[in-house]
Amino acid sequence: METLTIGKALNTGLRRALEDDPKVLIMGEDVGKLGGVFRITDGLQKDFGEDRVIDTPLAESGIIGTAIGLALRGYRPVCEIQFDGFVYPAYDQIVSQVAKFHYRSQGKVRLPIVIRIPFGGGIGAVEHHSESPEAYFAHTAGLKVVSCASPNDAYWMIQQSIASDDPIIFLEPKRRYWEKGQVDVDGAPEPLHSSRVIRPGSHATVAAYGPMVRTALDAATAVAEDGRELEVIDLRSLSPLDLDPVFESVRRTGRLVVVHEAPSNVGLGAEIAARVTEQCFYSLEAPVLRVTGFNVPYPAARAEEEYLPDLDRVLDAVDRSMGW
Amino acid sequence: MASGHPRASGDAQHDRAGAEPHGPNDFVQLLDPDGERVEHPDYSVDFTDDEYRELYHDLVVVRKLDAEATALQRQGELGIWASLLGQEAAQVGSGRALRPQDMAFPTYREHGVLYCRGIDPIMPLSLFRGVDQGAWDSVAYKFNMYTIVIGAQTLHATGYAMGIALDGRIGGGNGSGNGDEAVIAYFGDGASSQGDVNEAFVFASVFHAPIVFFCQNNQYAISEPLDRQTRVPLYRRAAGFGFPGVRVDGNDVLASYAVTRSALDSARHGQGPTLIEAYTYRMGAHTTSDDPTRYRIASEVESWQAKDPILRMRRFLDKQGIAGEDYFAEVDAEAAREAVHLRERVLSMPDPDPLSIFDHVYPNGSPLVDRERAQYAEYLASFAGEAH
C-alpha cells in the first residue's frame, strides 16, 4: 500500500504502462519537459525519452489524428488533451475516426488509443477549462468512457485503459488531483468497466462519478449524523454503464439520486433514470432525481459554486426523495 | 477576381492559383498531350517496353471499371459512385510508384491506386452499394480504408509515417536500408483548406516524417473552383511548412510516376516530407449525385479532353512503335471482360445479415450492444412464420 494523490497515482500508472509495453507512447501539449500543465506526466520524458513522451504541436485534431496513424502502425498512444474545453477541435477525429475504424474495418483494425482529459470545474479557471463533455463521447458508439475518482482507481484504471484494445476516453477529475488515498500497487484491480458500491446504506442510493464521488461521500457522512444511511455508487465506467449494482441497490432503497457536474439535459443522469425506471419500476418509492450543473454555459469562476452540485444540493435532493 | 493584396515573391504568372501551367517551368511533364516525350532536368523514367504497355493497360482498365461503376449506379445497383474519370494518370502513376512496403492513405476516389495495390476492384463497389463500409485488409494491402471526411486521412498518414521513423525504418536505420518505408497521403484541392491537412503538414514537418502528400488538384471541390480554396498554386504552400513542393502534370502518367517515386524515396531516405500537386481535371461529376453543368461550361471540359491521360499514352506507344492497334484492341477487350465480371459480382452481392450491424463495434465487446443484439434478434424472430 502506498499513499498517493490522484495526480501522482496517474503518473505512477503511466510510468508502469511505459515500462510494461515499449509500444506505449504519451503524446500531447507540454507533456514533456513541463510534465503537463497538471504535472501528470512529470518526469516521464526524462526517463523514457522524447520518442516515447512526445511534445506535440499545439493542435488537438493533429494529436488524435496522428495517434490513429501511430496505432495503425502498432503503437498504443496515450493522448493528453490539456483541458476539457480544448477537446472539441479533435472531436471529428475522435467521433468519426477513432470510434469507427474497428467497425468500418469489420474488426480488422484496432485502435488502442487512450484520450486523457482533465475535466470538470471547481478550480477557479477561465472559460473552457471547467467543462464536462462526457455525454458527447458516451453517446458515440465505438468509444468507451471511464472516469476515476480515487487514487487507487486512477492508478489501475489508467493502466487497464492503456492495455485495452478499445478506444477509451479517460476523464480525470482535475479538481481532485491533489486528494490523497491508499493505492494497492500489488493488488488485483476491479474490472475496468464496472461500477462499485463504495459506501453501503439502506435509505437512498446516490450514484456519481469523477469529481462528484467525493461530494456524494461527503453527503453520506453528513446525513449519517441524522441516522440516514446513503448507499454511494461510483459509476467509474460511463460507457458502457454498469448499472446492475445500481439496480440491485435501488431495489433495496427504492430511491436514487444521480449527481454529475454536466448539465441535466440529455446527460448521463437522464440515461440512468430511464434505465432504472425500466428495470426497477415496482421498487421505486420516488422518481429518480438528478443533481447536476445547470443548463447554461459554464459560468465565470466567481459564480461557479452556484453552478456546481455541492453537498447541500445533494442533501436537498435526498430530502425530496425521502419525502416523496 | 481582382486582387489588391501583395503577392509573394516570384513570377506573377506562376503565383496565380488558377493560371494554367504550360511548360517545364510550370510543372513537371515527361509526356505531352500529343504523346511526345519531354525531357526534364530533374525527373526521368526508364521503363521497358513491357512496363510502358502495362501502364497503358492499367489506365484503360481503371477507366473502364470506373465507367462500369457509373453505369451500375445509373441502373440503381450502387447508391452513389465517385468517378475518377480524368484522374487515371495521377492515380496509376503514383500508385505504381509505391514500393511494396509503402503505405497509402486514400480518400474515397482512389480506385486507380487501389487497383495498383492489387486490391479486388469489387471492394469499393461494395462500399458504394452499401453492403459494407469498404473493409479490405488495409494492413495486408498497405492501403488504408477509404476516408470520406475530407482531409482526415492526412493526419492518419502522418502518424503512420511518424511510427515508421520511430521504428527506425528510414534512412538505412534498419541496416542496409532495404525495406525502408514511406507513406503517401492522397487528398484534393478542396481538402487543402481543411485544418486537418494543414495540421498534418505541421506534424509531418516538425517530426520530419517520411511522407508524401499527394494532392490531386482536379480543379473542383464539388462545385467550387480552385480560386475559392487558394490564391497561390497549391504546391507552393509546402514552402511555408518547411518542405519541398512540386507540381506535376497529373494527366501524364510518366511524370506522375517519376515525381512520386522520387519523393517517396526521398522520404524513405530520411529527407522528410514532400507535397506533390498533381495538376489534373475531374472530367466527370463529383459523384453521381452531382450535376456539373450547373457550375462549369462545356468548352472547359472540352479543353481538358484534349489533354486526356490515356490518349497521350496511346499516341506515345504508337509513335514509338511500342504498341499498335492489335495491342490496344486486346487491352480494350480485356478491360471489357473485367467490367462484365465486376458487374456480375456486384449484382450477386448479398445484402448484409440484419444482425451483423451489431458486429465489431468494439474489439472487447459491450454489454449494451450485446443486449440490443439479443433483443433485436428476438424481435425479428417474433415475425417468423408470418406471411410477407
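Calculation notes
- Residues numbered from 1 in each chain as written.
- Chains lettered and ligands numbered in written order.
- Predicted model: local features only at pLDDT ≥ 70, side-chain atom pairs only at ≥ 80, totals over all residues.
- Helix = DSSP H or I, 4+ residues; strand = E, 2+ residues; numbered from the N terminus.
- Rg over C-alpha atoms; globule rule 2.2 N^0.38 Å.
- Contact = placed C-beta atoms within 7 Å.
- Domains from an automatic or database assignment.
- Nonpolar A, V, L, I, M, F, W, Y, C, P; charged D, E, K, R; others polar.
- Pairing = 2+ DSSP bridges.
- Axes fitted to C-alpha atoms, helices over the stretch in contact; angles between N-to-C directions.
- pLDDT = per-residue confidence, 0-100.
- Parallel < 35°, antiparallel > 145°, perpendicular 65-115°, else oblique.
- Left-handed = near helix turned anticlockwise from the far one by under 90°.
- Buried ≥ 20, exposed ≤ 12 C-beta atoms within 10 Å, placed from the backbone.
- Expected span 1.5 Å × (residues − 1).
- Arc of directions from axis to C-beta.
- Right-handed = clockwise from strand over helix to strand, strands pointing away.

Caption draft 1: Representation of the overall build of chain A in the model. Scanning chain A for helices and strands turns up 12 helices and 14 strands. Whereas a compact globule of 324 residues would reach a radius of gyration of roughly 20 Å, chain A reaches 19 Å, a difference of no more than 12%. Counting only C-alpha atoms and orienting by the principal axes, one finds that chain A spans roughly 60 × 40 × 40 Å. Taking contacts inside chain A between residues at least 6 apart in sequence as the whole, the part at least 24 apart equals 80%.

Caption draft 2: Region of interest: the domain arrangement of chain B. Looking at the assigned domains, one finds that chain B contains domain 1 (20–347) and domain 2 (353–388). Taking only C-alpha atoms into account, the centre of domain 1 of chain B sits 40 Å from that of domain 2 of chain B.

Caption draft 3: Spotlight on the interface of chain A and chain B. Every contact between the two is made by 34 residues of chain A and, on the other side, 32 residues of chain B. Ranked by residue count, the leading element in the side of chain A that touches chain B is helix 3 (residues 60–72) of chain A, at nine residues. Of the residues in the side of chain A that touches chain B, the class split is 11 nonpolar, 14 polar and nine charged.

Caption draft 4: The arrangement of the sheet that holds strand 7 (residues 168–173) of chain A in detail. Residues and elements named next belong to chain A. Taken in spatial order, the seven strands make up an open sheet running 3-2-4-5-7-6-12, and their pairing is mixed. On the outer flanks of this sheet lie strand 3 (53–55) and strand 12 (237–239), each paired with one strand and no other. For this sheet, the mean angle separating the axes of adjacent strands, direction not counted, is 20°. Inspection of the sheet shows strand 5 (residues 114–119) paired to strand 7 by six bridges, in the parallel sense. Opposite I115, over in strand 7, you have I169 as the bridge partner. Strands strand 2 (24–28), strand 4 (76–80), strand 5, strand 6 (144–147) and strand 7 of the sheet are contacted by helix 7 (residues 151–163), whose axis makes an angle of about 165° with strand 7.

Caption draft 5: The arrangement of the domain arrangement of chain A in detail. Residues and elements named next belong to chain A. Domain boundaries in chain A define domain 1 (2–183) and domain 2 (196–322). Each of domain 1 and domain 2 has a C-alpha centre, and the two are 26 Å apart. Across the boundary between the two partners, domain 1 contributes 25 residues, which contact 21 residues of domain 2. Of all elements in the fold, only helix 6 (134–138), strand 6 and strand 7 reach the threshold of two or more residues within the side of domain 1 that touches domain 2.

Caption draft 6: Seen up close, the confidence of the model for chain B. Residues and elements named next belong to chain B. Predicted confidence across chain B gives a mean pLDDT of 93, with 93% of residues reaching 70 or more. Below pLDDT 50 for its whole length, residues 1–13 participates in seven contacts with residues either more than four positions away or in separate chains. Across the assembled chains, the prediction reports ipTM 0.97 with pTM 0.96.

Caption draft 7: Seen up close, the environment of A:D55. All names here are of chain A. With respect to the element layout, D55 can be found in strand 3. Each C-alpha atom of the pair D55 and G32 lies 5.5 Å from the other, and the pair is 23 residues apart in sequence. In contact with D55, not counting residues within four places along its chain, are D30, V31 and G32.

Caption draft 8: Quick peek at the packing of helix 5 (residues 122–129) of chain B against helix 13 (residues 325–347) of chain B. All names here are of chain B. It is at 11 Å that the axes of helix 5 and helix 13 come closest, and there the two elements cross at 40°. With respect to their mutual orientation, helix 5 and helix 13 come out oblique. Crossing hand, helix 5 versus helix 13: right-handed. Listed contacts from helix 13 to I122, L125 and R129 of helix 5 are L342, R345 and V346. The residue inventory of the contact of helix 5 with helix 13, partitioned by class, reads four nonpolar, no polar and two charged.

Caption draft 9: Spatial organisation of unusual backbone geometry. Here the residue pair A:S239 and A:P240 is connected by a cis peptide bond, since its omega of 0° sits within 30 degrees of zero. By secondary structure assignment, the location of A:P240 is in the loop between strand 12 and helix 9 (244–253). Unusually for a residue other than glycine, A:R39 sits at a positive phi of about 65°. Positionally, A:R39 belongs in the loop between strand 2 and helix 2 (44–48). A:R39 gets classed as partly exposed once you count the C-beta atoms within 10 Å, which come to 14. The phi dihedral of B:H360 falls on the positive side, at around 65°, and the residue is not glycine. By secondary structure assignment, the location of B:H360 is in the loop between helix 13 and helix 14 (367–381).

Caption draft 10: Layout of the environment of A:P57. Residues and elements named next belong to chain A. Tracing the backbone shows P57 in the loop between strand 3 and helix 3. For P57, a count of 15 C-beta atoms within 10 Å corresponds to the partly exposed category. Considered as a pair, P57 and D30 are 27 residues apart in the sequence and their alpha carbons are 9.2 Å apart.

Caption draft 11: Inspection of helix 12 (residues 309–320) of chain B at higher detail. Residue and element names in this part refer to chain B. The end-to-end C-alpha distance of helix 12 is 17 Å, a good match for the 16 Å that 12 residues give at a rise of 1.5 Å each. Turning to helix 12, its buried residues are P309, R312, M313, F316 and L317. Projected onto a plane normal to the axis of helix 12, the buried residues spread over an arc of 135° and lie on a single side. Lining the buried residues of helix 12 we find helix 2 (49–74), helix 3 (88–97) and helix 10 (253–271).

Caption draft 12: Representation of the sheet that holds strand 13 (residues 256–263) of chain A within the structure. All names here are of chain A. Taken in spatial order, the five strands make up an open sheet running 9-11-10-13-14, and their pairing is mixed. The sheet is open, and its two edges are formed by strand 9 (196–199) and strand 14 (289–293), each paired on a single side. In this sheet, adjacent strand axes meet at a mean angle of 30° when their direction is disregarded. Summarising the sheet, strand 13 and strand 14 pair through five bridges and their orientation is parallel. Bridge assignment links P263 to a residue of strand 14, and that residue is G293. Of the strands in this sheet, strand 9, strand 10 (204–208), strand 11 (230–234) and strand 13 are in contact with helix 9, which crosses strand 10 at around 155°.

Caption draft 13: Representation of the pairing of strand 2 (residues 183–188) of chain B within the structure. Residues and elements named next belong to chain B. Of all six residues that make up strand 2, six are buried, and the element is covered over most of its length. Relative to strand 3 (residues 211–217), strand 2 runs parallel, the two sharing six bridges. Note on strand 3: the bridge partner recorded for I184 is V212. For the crossover that starts at strand 2, traverses helix 8 (residues 195–206) and ends in the parallel strand 3, the hand is right-handed.

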